[in-house]
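# Residue-level structure breakdown
Spelled out, the chains give:
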Amino acid sequence: MPISMETFTITSTTKSYPTHLPLALIKRAVLGAKYELSLAFVGEKRATSLNQTYRQKSYVPNVLSFPLTATTGEIFICPTVAKREAAKFSLTPDGYVAYLFIHGCLHLKGLDHGDTMDRLERKHLKAFNIS
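Residues numbered from 1 in each chain as written. Predicted model: local features only at pLDDT ≥ 70, side-chain atom pairs only at ≥ 80, totals over all residues. Heavy atoms only, no water.

### A few points about helix 2 (residues 44-55)
Between its terminal C-alpha atoms helix 2 stretches 16 Å, which fits the 16 Å expected from twelve residues at 1.5 Å a residue. For helix 2, every residue scored as buried is listed here: Ala47, Leu50 and Asn51. For helix 2, the angular spread of the buried residues around the axis is 100°, confining them to a single face. Against the buried residues of helix 2 lie strand 3 (63-69) and strand 4 (72-77). (Helix = DSSP H or I, 4+ residues; strand = E, 2+ residues; numbered from the N terminus. Expected span 1.5 Å × (residues − 1). Buried < 20%, exposed > 50% of the residue type's maximum accessible area, 1.4 Å probe, protein only. Arc of directions from axis to C-beta. Contact = heavy atoms within 4.5 Å.)

Here is the structure:
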């Protein structure tokens with residue numbers, strides 16, 4: 001019987017990022033146990049560089065997601081941008097980071113912006129009691 005290995009790594013190039021969020025549980029709920037995911041918390045310079053290099057966009061993004069294969073991907077979150085934007089979404093800064101993580105996972109799952117993505121974001125925020 002094959003054994004499935006769950007792979008989820010978190011790295012950071014920033015001084016602070018939320019360490020108490022249930023990110024591994026969210027990842028499993030959205031993408032499944034077999035999906036291999038790397039999450040990196042990055043500063044504004046790195047986020048802008050990635051956005052310019054891979055999307056030809058010159059602004060500082062809050063989240064970027066990159067599917068590598070059907071079962072592997074990467075998410076980059078910029079906590080400083082999340083902190084600035086959180087109040088607009090009626091979330092705490094950490095809650096907004098969780099929202100951005102859910103958003104990135106849904107993109108890796110193949111969803112585009114729209115009603116279905118919005119509904120699933122709300123569902124997962126509620127399921128993990130994120131505010």
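### Here we look at helix 5 (residues 115-127)
Along its 13 residues, helix 5 runs 18 Å from first to last C-alpha, staying within 8% of the 18 Å computed at 1.5 Å per residue. Residues Met117, Leu120, Glu121, His124 and Leu125 constitute the buried set of helix 5. Buried residues of helix 5, seen end-on, are gathered within an arc of 135° and therefore sit on one face of the element. What points out from helix 5, more than 90 degrees from its buried face, is the exposed set Asp115, Arg122, Lys123, Lys126 and Ala127. At the C-terminal side of helix 5, Asn129 shows a positive phi close to 50°.

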